[in-house]
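Inside the fold
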Amino acid sequence: MLSIKNLHASVEGKEILKGINLEIKAGEVHAIMGPNGSGKSTLSQVLAGNEAFEITGGEVTLNGDNLLDLPTEERAREGIFLAFQYPVEIPGVSNLQFLRTAVNAMRKHRGEEEMNAAEFMKLAKEVSKQVDLDPAFLKRGVNEGFSGGEKKRNEIMQALLLQPKLAILDETDSGLDIDALQVVSNGVNALRAEDRAILMVTHYQRLLNHIVPDYVHVLAGGKIVKSGGRELALELEERGYGWLGIKDEDTSN
Amino acid sequence: MATTDKEVKELIKREYEHGFVTEIESDTFEPGLNEDVIRRLSELKQEPEFMLEWRLKAYRRWLEMDEPEWAHVDFPKVDYNAISYYSAPKKKEDMPQSLDEVDPELLRTYEKLGIPLHERAKLAGVAVDAVFDSVSVATTFKEPLEKAGVIFCPISEAVQKYPELVKKYLGSVVPAGDNYFAALNSAVFSDGSFVYIPKGVRCPMELSTYFRINAANTGQFERTLIIAEEGSYVSYLEGCTAPMRDENQLHAAVVELVILDDAQIKYSTVQNWYPGDENGKGGIYNFVTKRAACIGKNAKVSWTQVETGSAITWKYPSCVLRGENSVGEFYSVALTHNFQQADTGTKMIHLGKNTKSTIISKGISAGRSSNAYRGLVKFGPGADGARNFTQCDSLLIGDRCGAHTFPYIESKNKSAIVEHEATTSKVSDEQMFLCRQRGIDPEQAVSMIVNGFCKEVFKELPMEFAVEAGKLLEVSLEGSVG
């Protein structure tokens with residue numbers, strides 16, 4: 001489904017990604033781990049099309065089509081979803097209005113009829129329950145005054161509403177207490193499907209106890225230095241990054 | 001990244017929606033202004049003698065005055081002798097007696113504008129007075145209003161039919177010599193609306209006026225006077241459009257509101273005069289004086305305005321809070337784009353005890369435009385216990401526009417309380433990225449973010465106007481994302 005070949009990217013002239021290669025097939029869950037500053041978040045942002053990053057080499061295809069030529073919103077409509085690490089606030093715009101606009105943009109792209117306010121309200125209420133969010137949240141401004149955990153649950157709710165082909169979760173576990181982590185993980189597990197891929201970016205192994213990945217990759221210095229199965233994450237937890245020749249003052253836990 | 005350049009260019013090319021010119025026979029004065037022009041105008045309108053005298057007095061005052069230069073706007077001097085001071089659609093016979101007699105071409109114009117004039121007016125329950133260039137063309141719903149004792153008619157008609165009311169109140173809030181443009185308006189005003197709500201009457205429907213400038217080289221000087229007697233209530237809506245023309249056109253209106261004991265006026269404006277093209281050519285000069293006098297106890301006035309049009313806007317709807325416990329409110333959204341310039345705000349003059357005022361101003365600047373909020377909050381010596389709350393927010397789109405805030409506070413009473421909050425923010429790249437990542441078009445994202453920013457003001461607008469205002473912002477913002 002997603003094919004990344006020798007991807008290079010930089011921000012403000014500084015190269016962050018230095019030749020990433022990765023193949024993700026439908027139905028798979030991949031985890032990308034790595035120390036701080038290794039380029040994990042950059043990879044998520046670049047895939048989603050954040051224009052603050054410059055692509056300096058390589059190619060990315062989604063189901064055979066060149067992804068890098070598409071503007072952000074078209075990538076989204078083709079099924080790329082990014083759950084943000086730090087979701088931004090949009091004051092005065094209700095979550096409900098924001099989500100309906102997004103859902104209808106996707107529906108329009110697929111040639112489907114747009115949902116009216118009542119239909120959408122019903123759908124949104126159902127989905128909000130899946131991540132244990134009070135439907136009252138729908139009426140509040142986008143991320144306005146949300147706690148860290150509420151923001152993360154809100155992101156997963158959006159993924160559930162938009163039903164992407166590839167969901168990229170950027171540090172979705174950061175700042176969550178154990179109960180919230182469970183809720184968010186349940187939401188992500190509900191996303192797992194044969195025709196959908198999930199790419200999780202995380203610093204900590206603990207998320208992978210809740211969402212069990214098919215593959216684990218270690219990103220360091222802008223490259224994938226090691227790939228393996230679920231056991232690689234456990235090994236990282238036990239041994240840190242040092243044995244891979246990676247320096248990191250803030251490792252596994 | 002090569003993104004939506006093509007889309008954006010197409011959007012920029014999209015034209016001002018109301019920019020058509022109506023082919024209609026009209027009687028238009030030769031350009032130029034002198035006492036004879038005023039006499040002709042007054043005669044044409046069959047005005048009583050007192051009106052002509054009033055106009056001439058204003059004209060003589062105007063001649064002695066200088067054009068104000070303190071506003072944060074920049075434009076070439078207006079040649080007042082190059083403007084025609086009267087233009088009216090030529091009547092087939094006499095004045096139309098009903099809508100059926102109104103020139104169909106004119107009705108089609110209003111239809112294009114989306115004005116609910118005909119049957120739609122009845123469905124919407126809105127009584128409309130439509131001013132086309134200089135004369136009032138049709139007033140709907142006269143009968144049910146008359147039943148309630150409400151007078152809603154062109155001001156030219158009121159001058160003839162209700163001279164006592166006009167004599168008593170015209171110029172009582174905005175005197176002829178108040179300022180340069182008010183003096184000019186007093187001398188040459190051609191039409192406008194007159195509303196009188198008798199004691200204890202709640203006006204059975206929202207009243208509405210649509211203004212349109214059609215003829216070239218014509219100034220529009222409408223005058224609106226609304227009187228709310230004791231315990232009465234009225235909600236009044238005003239909308240404005242003009243065709244696209246390369247030359248600038250002058251619009252200098254005066255609106256006076258008189259509010260007696262326990263009465264309330266809610267005055268809403270959606271101003272969408274032609275703003276000029278993307279290079280700053282053409283557009284309306286909108287120099288307007290609007291003021292409300294809360295004469296009585298517990299009188300209340302709310303100004304709500306959405307200003308998206310005009311090349312230059314110079315407008316400060318104000319409240320004189322004379323009556324004890326009277327309340328003044330000002331809710332404003334002013335959006336400027338391309339080369340538009342706006343200097344707008346309000347004046348809250350607290351004279352009576354325990355008077356209260358609220359100012360919520362939202363300025364949005366895009367393109368190379370300049371947007372200034374200018375507000376005065378003044379407390380007289382008798383304004384014991386008076387208070388004001390001001391919130392003034394600016395939103396910038398892009399990095400070539402400007403936002404300015406000029407708050408003035410004058411207090412002659414120690415017990416008065418003033419609160420002032422101000423913020424400036426930008427539509428951030430992060431907000432845009434979030435919206436686009438969810439599949440939303442950049443243009444739609446900006447409009448959604450701006451609508452959110454304006455929410456506090458939009459909720460003050462009557463329902464159908466709020467919808468219109470939201471759409472208008474969307475259209476006005478087109479091409480603001482590059």
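Per chain, residues are indexed from 1 in the order of the written sequence. The order in which chains are written sets their letters, starting at A; the order in which ligands are written sets their numbers, starting at 1. Given that the model is predicted, a residue must reach a pLDDT of at least 70 before its local features are reported, and side-chain atom pairs must reach 80 or more before they are shown or counted; all residues, however, enter totals for whole chains, interfaces and linings. Computation of side-chain values covers all heavy atoms of the structure but excludes hydrogens and water.

Counting from the N terminus, the helices are DSSP H or I runs at least four residues long and the strands are E runs at least two residues long. Check the secondary structure of chain A and you find eight helices and 12 strands. In this treatment the radius of gyration is a C-alpha quantity, and the globule benchmark scales as 2.2 Å times the residue count to the 0.38 power. In terms of overall dimensions, chain A is globule-like: its C-alpha atoms have a radius of gyration of 18 Å, near the 18 Å expected for 253 residues. The dimensions of chain A, computed from C-alpha atoms along their principal axes, are 55 × 40 × 35 Å. Buried residues are those whose accessible area, probed at 1.4 Å on protein chains only, stays under 20% of the maximum for their type, while exposed residues exceed 50% and partly exposed ones sit between those limits. The buried share of chain A, reckoned over its 253 residues, is 57%. Using the Shrake-Rupley algorithm and a 1.4 Å probe, accessible areas are obtained, with residue cover drawn only from the displayed protein chains. Of the roughly 10,700 Å² of accessible surface on chain A, a fraction of 45% belongs to carbon and sulfur atoms. Neither His nor the chain termini are counted; the positive set is Lys and Arg, and the negative set is Asp and Glu. Where a charge lies is defined by one atom per residue type: Lys uses NZ, Arg uses CZ, Asp uses CG and Glu uses CD. Measuring between centres, the 28 positive side-chain charges of chain A sit 2 Å from its 38 negative side-chain charges.

What follows deals with the pattern of salt bridges. When a carboxyl oxygen of Asp or Glu is within 4 Å of a side-chain nitrogen of Lys or Arg, the pair counts as a salt bridge. Taken as a whole, this structure holds 26 salt bridges over all chains when the rule is applied. Where R223 of chain B meets E256 of chain B, a salt bridge forms, and the shortest distance between an N and an O atom there is 2.9 Å. Of this pair, R223 of chain B sits in strand 8 (residues 223-228) while E256 of chain B sits in strand 11 (residues 254-259), and the two are 33 residues apart along the sequence. The exposure class assigned to E256 of chain B is buried, which follows from its relative accessible area of 0%. Shared partners join several salt bridges into a network, and the residues in it are E51 and E73 of chain A together with R436 of chain B.

Where strands meet in a sheet, backbone hydrogen bonds hold them as pairs that are either parallel or antiparallel. All names here are of chain A. Paired strands, as defined in this entry, are two strands with at least two bridges between them according to DSSP. With antiparallel pairing, the four strands of this open sheet are ordered in space as 2-1-4-5. Two strands bound the open sheet, and with one partner strand each, they are strand 2 (14-24) and strand 5 (65-66). In the sheet, strand 1 (residues 2-11) pairs with strand 4 (residues 54-62) via seven bridges, with the strands oriented antiparallel. Residue S3 lies in a different strand from strand 4, and its bridge partner there is T61. Each of strand 1, strand 2 and strand 4 is contacted by helix 1 (residues 40-48), which is oriented at about 110° to strand 1, the strand it contacts most. The criterion used for residue contact is that any of the two residues' heavy atoms lie within 4.5 Å. Here an angle of 0 to 180 degrees is reported between the N-to-C directions of two axes, which are lines fitted to C-alpha atoms, with helices fitted over the stretch in contact.

Residue placement: G470 of chain B occurs in helix 13 (residues 463-476). Considering only alpha carbons, one finds G470 of chain B and G452 of chain B, 18 residues apart in sequence, at a separation of 9.9 Å.

Summing up the model confidence of chain A, the mean pLDDT is 91 and the portion of residues at 70 or higher is 97%. Per-residue confidence from the predictor is reported as pLDDT, a score between 0 and 100. In this model residues 249-253 of chain A is a low-confidence stretch, pLDDT under 50, and it forms 13 contacts with partners more than four residues away in sequence or in other chains.

With 35 residues of chain A at the contact, the number on the chain B side is 21 residues. Taken over both partners, the interface formed by chain A and chain B buries close to 2,300 Å², and the fraction arising from carbon and sulfur atoms is 63%. D441 of chain B is paired through a salt bridge with R77 of chain A; the nearest N and O atoms lie 3.0 Å apart. We call two N or O atoms a polar contact when they sit within 3.5 Å, provided that within protein one can donate a hydrogen and the other can accept it, with sequence-adjacent residues counted only if both atoms are side-chain atoms. Taken together, the links from chain A to chain B amount to 10 residue pairs in polar contact (both at pLDDT 80 or more). Where the side of chain A that touches chain B is concerned, the elements lending two or more residues are helix 1, helix 2 (72-77), strand 6 (80-83), strand 7 (90-94), helix 3 (95-109) and helix 5 (148-162) of chain A. Each residue receives one of three labels: charged for Asp, Glu, Lys and Arg, nonpolar for Ala, Val, Leu, Ile, Met, Phe, Trp, Tyr, Cys and Pro, and polar for the others, Gly being one of them. Counted by class, the side of chain A that touches chain B contains 20 nonpolar, nine polar and six charged residues. Accessible area, probed at 1.4 Å, shrinks when two parts are joined; the buried area is that loss added up over both.

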